[in-house]
Amino acid sequence: MDFNVKKLASDAGVFFTRAVQYTEEKLGQAEKTELDAHLENLIARADCTKNWTEKIFRQTEVLLQPNPSARIEEFFYEKLDKKLPTRTTNAELLGQYMQDAAKDFGPGTPYGSTLITVGEYQKRLGGAERELLQTSAINFLTPLRNFLEGDWKTISVKRKLLENRRLDLDVCKARLKKAKLAEAKAALWSEEVDKAEQELRLAQTEFDRQAEVTRLLLEGISSTHVNHLRCLHEFVEAQAAYYAQCHKHMQDLQKELSRFHNAFATNASTSGVSAGHSPLATATLPGASSPSHPHNASNALGSSTLKIEEVKPPATGTRKAKVLYDYDAADTSELSLLADELITVYTVPGMDPDWLIGERGNQKGKVPVTYLELLS
């Protein structure tokens, strides 16, 4: 018990001495031992790494999980070392709502069957999002968190210890300086000078040893950068795979919807709408004038199937269009498309407004409007 009390008193005395030295340095009343330039640069680089790693980590968490409540829940599960329950993504929830609604509206109706299809693709998007979250958490967020909660804490402890050793060194320098001033006035202080010099040598040794340990840890920041660079590449690859999956799912969905639309339009025309008197007979490309020779295309619409080879472009009303996505023709009446190519498009009387006639060189066929960006 006596030993503990003495140690506590000794520690308190050291703490007080360091506090006095630190305060006098801030007030400019005491000299301060400066670290060498290389060590100072390492410390500045480490601080920069920590600050930006923390910001990148926090913002990546927000990007992957925008819901603050969900992030707090994940934090507590992580601290309690428990497995986080599987959480349904927003896209999966939307897909389920769509499919449930289709049951009430009637899965055999145009709206109901379309809701089922769109709901299924929303679930696929949600699955892709879930995979992105899991991959990013393992390959990117976890290494950043390990640095902040592991390596950086170790560096911080060693830096704090180095600062204490520096304060002890400067305290010893101040004591030696005072002892030498007293010795100049009275020879009786020579013993105090010897004691101060011995304490200074010991403090210098401790300081040099701690500076070397801290330097080695700080030089490891370069390895941290290399590790984080690899993790960053993996994060980008995960994002690229996710967006590629989403793009493919949406392209497939557009094709599905285009086929649905054609099927419903055919059913509607056979149930009472006369082919020669279709309500779409006056539909034209927005902004374009009506064809000058409608009789050129009227023969091509004599049956429910458009005879592409008989369709002629109007004298006016053609426009250029940029293809937004790849499109594979479903039959010989359609024109396959490649993303980013330019084609000529126009409409003909009686044609479905969701489709246009597209021409590329000597090739011609129907193209879906949703795959195009009409140019002026």
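Residues numbered from 1 in each chain as written. Predicted model: local features only at pLDDT ≥ 70, side-chain atom pairs only at ≥ 80, totals over all residues. Heavy atoms only, no water.

(A) Representation of the overall build of the protein chain within the structure. Along the protein chain, the regular secondary structure elements total eight helices and five strands. Going from N to C terminus, the protein chain has its helices and strands arranged as α-α-α-α-α-α-α-α-β-β-β-β-β. Put simply, the protein chain has 376 residues, and 31% of those count as buried. With an accessible surface of roughly 23,300 Å², the protein chain has 57% of that area assigned to carbon and sulfur atoms. (Helix = DSSP H or I, 4+ residues; strand = E, 2+ residues; numbered from the N terminus. Buried < 20%, exposed > 50% of the residue type's maximum accessible area, 1.4 Å probe, protein only. Areas by Shrake-Rupley, 256 points an atom, 1.4 Å probe, with all protein chains shown as cover.)

(B) Local environment of the packing of aromatic side chains. Scanning all chains against the criterion turns up seven aromatic pairs. Taking the centre distance of 6.4 Å and the plane angle of 50 degrees together, the rings of Phe147 and Trp152 count as tilted. This pair shows no difference in class: Phe147 is buried, exactly as Trp152 is. With 5.0 Å between their ring centres and 70 degrees between their planes, Tyr327 and Tyr371 make a pair best called edge-to-face. Of this pair, Tyr327 sits in the loop between strand S1 (319–323) and strand S2 (342–346) while Tyr371 sits in the loop between strand S4 (363–368) and strand S5 (372–374); the two residues are 44 residues apart in sequence, bridging distant segments of the chain. One cation-aromatic arrangement involves Lys55 over Trp52; the distance from NZ or CZ to the ring centre is 4.6 Å. Directly above the ring of Trp355 sits Lys366, whose terminal nitrogen or CZ lies 5.5 Å from the centroid. (Phe/Tyr/Trp six-rings, centres within 6.5 Å; stacked < 30°, edge-to-face > 60°. Lys NZ or Arg CZ within 6 Å of the ring centre and 35° of its normal.)

(C) Just helix H2 (residues 37–64), in detail. For H2, spanning 28 residues, the distance from its first C-alpha to its last is 40 Å, which sits close to the expected 40 Å at 1.5 Å a residue. Of the residues making up H2, those classed as buried are Leu39, Leu42, Ile43, Ala46, Thr49, Lys50, Thr53, Phe57, Thr60 and Leu64. Residue Asp36 occupies the N-cap position of H2, its side-chain oxygen lying 3.2 Å from the main-chain nitrogen of His38. (Expected span 1.5 Å × (residues − 1). Polar contact = N/O pair within 3.5 Å; in protein donor to acceptor, adjacent residues only side chain to side chain.)

(D) Just the pattern of salt bridges, in detail. A full pass over the atoms with the stated rule returns 19 salt bridges. For Arg159, the salt bridge identified is with Asp47, shortest N-O distance 2.6 Å. Taken together, the residues span a long stretch of sequence, with Arg159 in helix H5 (residues 110–185) and Asp47 in helix H2 at a distance of 112 residues. Between Asp170 and Arg166 there is a salt bridge, with its nearest N and O atoms 2.6 Å apart. Of this pair, Asp170 and Arg166 both sit in helix H5, four residues apart, roughly one helical turn. (Salt bridge = Lys/Arg side-chain N within 4 Å of Asp/Glu carboxyl O.)

(E) Highlighting unusual backbone geometry. Phi is positive for Asp340, close to 80 degrees, though the residue is something other than glycine. Classification of Asp340 as exposed rests on a relative accessible area of 55%.

(F) Summary view of the side chain of Thr49. Relative to the assigned elements, Thr49 resides in helix H2. Given a relative accessible area of 8%, Thr49 falls into the buried group. In terms of polar contacts, Thr49 uses its side chain to reach the side chain of His225, at 2.8 Å. Excluding residues that lie within four positions of it along the chain, Thr49 makes contacts with Phe147, Ile221 and His225. (Contact = heavy atoms within 4.5 Å.)

(G) Broad picture of the confidence of the model for the protein chain. Chain-level statistics for the protein chain give a pLDDT mean of 82 and a share of 81% at 70 or above. Counting interchain partners and residues more than four positions distant, the pLDDT-below-50 stretch residues 268–304 has 45 contacts. (pLDDT = per-residue confidence, 0-100.)

(H) Quick peek at helix H4 (residues 90–105). With 16 residues, H4 extends 22 Å between its outermost C-alpha atoms, agreeing within 8% with the 22 Å of an ideal straight helix rising 1.5 Å per residue. Listed as buried for H4 are Ala91, Glu92, Gly95, Met98, Gln99 and Ala102. Take H4 and look down its axis: the buried residues cluster within an arc of 120 degrees, on one side only. Turned more than 90 degrees away from the buried face of H4 sit Asn90, Tyr97, Lys103 and Asp104, all of them exposed. Directly beyond the C-terminal end of H4, a positive phi value near 105 degrees is found at Gly106. (Arc of directions from axis to C-beta.)

(I) Just the nonpolar core, in detail. Judged by nonpolar contacts, the single largest core of 36 residues is most densely connected at Leu35, Leu39, Leu162 and Leu218. Secondary structure elements with two or more residues in this core: H2, H5, helix H6 (190–219) and helix H7 (221–270). Here this core gets 15 residues from one element, more than from any other, and that element is H5. Residue contacts for Leu162: discarding those within four places in its chain leaves Leu35, Leu39, Phe207, Gln210, Ala211 and Thr214. Grouped together as the second largest cluster of nonpolar side chains are 18 residues, Leu337, Val348, Leu356 and Val367 included. (Core = buried A, V, L, I, M, F, W, Y, C linked by side-chain atoms within 4.5 Å.)

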